[in-house]
Amino acid sequence: MFQLIELRNNVGIRPSLFKVEQSKAIKEVLNTKLANKVLYKHGLCIVLHDILHIGDSFSFPGDAGTYTSVLFRYVVFKPFEDEVLIGRVRRSSPEGVWVTLGFFEDVFLPKEYLQSPCKFDKEENCWVWEYQDGIETHNMYMDEKEEIRFRVVKVEYNDVAKPKRSTISEPSGSTDQQDSTLPMKIIGTISEPGLGLLTWWREDNVG
């Protein structure tokens, strides 16, 4: 789920940080620049892990700051395919279910990847798994904020000119409109035994 990647960057230090130890100033700048941003094909940046090498500093005429080539390692969130994660239901739509991991909001479970048979309840605005135990049918509602276990199918990236922050607030507009602006999106599935709401698989509910 979390990985270390090696990066090199020319870090700009403004005069306000000249009194700070160089390594601490570099750490502050890198975390401000990268934390909670998505790097294309690398994942969501979490925090600086360590600095491997600090090169010579240089400056430009008319610029009061300095610039230093820095080689460092950064912790990123980049789940692998088939990894099983636990989040919470954020919202539902006729297209599927959006899930939050707390620090990452853009997890989508398409309707074709939900437990079958299922239906979308327009009045409750949520998906319902019509679980059949051989005797009767039980309606298992996927309510908001419920904990949910899912398997990662794939991670999609949008190639954007500049890193963008992960979606933090409630999405607006259609799914297609939102997809075009997301720098990173996880596609997941719950169409397998043991996946779905954690409450579904308790002994007093299913089995």
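Keep in mind that this is a model prediction, so the values were computed, not measured.

### A closer look at the sheet that holds strand E1 (residues 2-13)
At step 1: Spatially, four strands are ordered E1-E4-E3-E2 in an open sheet, and the strand pairing comes out antiparallel. Single-partner strands in this sheet number two, and they are E1 and strand E2 (38-39).
At step 2: Sitting on the sheet, helix H1 (residues 22-34) touches E1, E2, strand E3 (43-58) and strand E4 (66-77), and the angle it makes with E3 is about 140°.

### Side note on the sheet that holds strand E9 (residues 126-132)
At step 1: A sheet is described by the order of its strands in space; here three strands give the open sequence E8-E9-E10, paired in antiparallel fashion. If you trace the sheet from one side to the other, it starts and ends with strand E8 (118-121) and strand E10 (137-141), each paired once. Going from strand to strand, the sheet's axes swing by 30° on average, the running direction of each strand aside.
At step 2: Pairing of E8 with E9, which is carried by four bridges, proceeds in the antiparallel orientation. Paired with Asp 121 across the bridge in E9 is Cys 126.

### Considering the side chain of Thr 100
At step 1: Inspection of the secondary structure puts Thr 100 in strand E6 (residues 96-100).
At step 2: Taking relative accessible area as the criterion, Thr 100 reaches 16% and is therefore assigned buried.
At step 3: A polar side-chain atom of Thr 100 sits 2.8 Å from a polar atom in the side chain of Glu 105.

### Concerning a negative patch on the surface
At step 1: On the surface, a cluster of negative charge is made up of Glu 123, Glu 124, Asp 143 and Glu 144.
At step 2: Its place among the elements puts Glu 123 in the loop between E8 and E9.
At step 3: In this structure Glu 123 comes out as exposed when scored by relative accessible area, which is 78%.

### Quick look at the environment of Met 140
At step 1: Along the chain, Met 140 turns up in strand E10.
At step 2: Owing to a relative accessible area of 11%, Met 140 belongs among the buried residues under this scheme.
At step 3: Each C-alpha atom of the pair Met 140 and Glu 130 lies 6.3 Å from the other, and the pair is 10 residues apart in sequence.

Thresholds, definitions, all that
Residues numbered from 1 in each chain as written. Predicted model: local features only at pLDDT ≥ 70, side-chain atom pairs only at ≥ 80, totals over all residues. Heavy atoms only, no water. Pairing = 2+ DSSP bridges. Helix = DSSP H or I, 4+ residues; strand = E, 2+ residues; numbered from the N terminus. Contact = heavy atoms within 4.5 Å. Axes fitted to C-alpha atoms, helices over the stretch in contact; angles between N-to-C directions. Buried < 20%, exposed > 50% of the residue type's maximum accessible area, 1.4 Å probe, protein only. Polar contact = N/O pair within 3.5 Å; in protein donor to acceptor, adjacent residues only side chain to side chain. Patch = residues over 30% accessible without salt bridge, like charges linked within 9 Å, V, L, I, M, F, W, Y side chains within 5 Å. Areas by Shrake-Rupley, 256 points an atom, 1.4 Å probe, with all protein chains shown as cover. Salt bridge = Lys/Arg side-chain N within 4 Å of Asp/Glu carboxyl O. Lys, Arg positive; Asp, Glu negative; His and termini not counted. Charge placed at Lys NZ, Arg CZ, Asp CG, Glu CD.

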